[in-house]
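Here are the chains, one letter per residue:
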Amino acid sequence: ASMRAAQFSEFGGLEALRLEEVADPVRGPGEILIKVTAVGLNFFDTLMLRNKYQVTPPLPFSPGAEVAGTVEQLGEGVNEFGVGQRVVAFIGGNGCREKVVTKAKNAVLIPDGVSDEVAAGIPITYGTALHAFKDRAALKPKETVAVLGAAGGAGLAAIEVAKLMGARVIASSSSGNAGAAVAAYAAKAGLPCIVFTFEGAAGP
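Within each chain, residues carry numbers counting from 1 in the order of the written sequence. Two thresholds apply to this predicted model, a pLDDT of at least 70 for residue-level local features and 80 or more for giving and counting side-chain atom pairs, whereas whole-chain, interface and lining totals are computed over all residues. Side-chain figures throughout are based on the complete set of non-hydrogen atoms in the structure, without hydrogens or water.

Enquirer: What is the right way to read the nonpolar core from this model?
Expert: A general tendency of soluble globular proteins is for nonpolar side chains to be buried together. Counting residues in each nonpolar core, the largest one holds 20 residues, and the members touching the most others are F133, V145, V147, I159, A162 and V182. Elements that contribute at least two residues to this core include exactly α3 (123-136), β8 (144-147), α4 (153-164), β9 (168-173) and α5 (176-188). Only DSSP runs of H or I with at least four residues qualify as helices, and only runs of E with at least two residues qualify as strands; both kinds are numbered from the N terminus onward. For this core, the element with the highest residue contribution is α4, accounting for 6 residues. Contacts are residue-level and defined by heavy atoms, with any inter-residue pair within 4.5 Å sufficient. Apart from residues lying up to four places away in sequence, F133 is in contact with A138, L139, V145, A158, V161, A162 and M165. Grouping buried Ala, Val, Leu, Ile, Met, Phe, Trp, Tyr and Cys residues that are joined through side-chain atoms within 4.5 Å yields what is termed a nonpolar core. The cut-offs for exposure are 20% and 50% of the maximum accessible area for each residue type, with area from a 1.4 Å probe on protein chains only; residues under the lower value are buried, those over the upper are exposed, and the others partly exposed. Ranked by size, the runner-up nonpolar core spans 12 residues in total, among them I34, V78, A104 and A107.

Here you go:
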């Protein structure tokens, strides 16, 4: 059986991506096969397309290191999931495919009320912010966090995670438009923070 995959066989940016037919993946022991419904794409995917990332992917390769979808098959020894359950998984790459196989330990259930599209964008940006604040900085409530480049995905996630951990957030951006967007996002999410831009300051 075959499936569709958006992949590149040479480096060259988005222009190198092709929609191709590839063989269905086969799950092994401890693995699950996921029918992909949403893929998270990040800045490093654009670097990989041009061979500018810190590691060179094996070709052919698909962008997308985080996916959401439905469990379609269970490998031997997998009992934490059931067929038909929605999951999000960090798979490291090759996510832009109709189906992927990954270790069951790389996946978590998607809670009711959270869409596949939202879930697929969580592991990398929010995982990065949580790792930075919890594991590296040991952030404590009432401490102050400065978020640089706050208008990007990682920056917005950092604002949310820091506020949830009880910190005071000062966010900065490189333009007034980006600063206004950050301020509006923070206000809508109920996360008051001070937002500075190079042109001035804005905040909810």
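Enquirer: I'm lost on the packing of aromatic side chains in this one. Help?
Expert: Both the distance between ring centres and the angle between the ring planes are used here to describe each pair of aromatic rings. The criterion for an aromatic pair is that two Phe, Tyr or Trp rings (for Trp, the six-membered ring) have centres within 6.5 Å, with stacked assigned to planes under 30 degrees apart, edge-to-face to planes over 60 apart and tilted to the rest. Here the structure, examined in full by the defined rule, presents 3 aromatic pairs. With a centroid separation of 6.0 Å and 55 degrees between ring planes, the pair formed by F8 and F11 is classed as tilted. Counting every residue linked through ring pairs, the aromatic cluster contains F8, F11 and F61.

Enquirer: What is the right way to look at the packing of α3 against α4 in this model?
Expert: Geometrically, a packed helix pair is captured by the angle between its two axes and the distance between the axes. Note on method: axes are straight lines fitted to C-alpha atoms, helices fitted across the in-contact stretch only, with angles between N-to-C directions ranging 0 to 180 degrees. Where α3 contacts α4, the two axes come as close as 8 Å, and the packing angle between them is 50 degrees. Regarding the angle of α3 to α4, the classification is oblique. For the pair α3 and α4, the sense of crossing is right-handed. Across from T125, Y126, A129, L130 and F133 in α3, the residues of α4 making contact are G153, A154, A157, A158, E160, V161 and A162. Residues of the contact of α3 with α4, tallied by class, amount to 9 nonpolar, 2 polar and 1 charged. In this scheme, roughly parallel covers angles under 35 degrees and roughly antiparallel covers those over 145, while 65 to 115 is roughly perpendicular and the rest are oblique. Crossings are classed by handedness, with left-handed meaning an anticlockwise turn of the near helix from the far one by less than a right angle and right-handed meaning a clockwise turn. Amino acids outside the nonpolar list (Ala, Val, Leu, Ile, Met, Phe, Trp, Tyr, Cys, Pro) and the charged list (Asp, Glu, Lys, Arg) are all regarded as polar, and Gly is one of them.

Enquirer: Quick question: what am I supposed to make of unusual backbone geometry here?
Expert: With the exception of glycine, the majority of residues adopt a negative phi angle, and the majority of peptide bonds are in the trans configuration. That bond from L59 to P60 is cis: its omega, -5 degrees, falls within 30 degrees of zero. As for its placement among the helices and strands, P60 is situated in the loop between α1 (43-49) and β4 (66-74). Although it is not a glycine, N51 sits at a positive phi angle of roughly 55 degrees. Residue N51 is classed as partly exposed on the basis of its relative accessible area, which comes to 33%.

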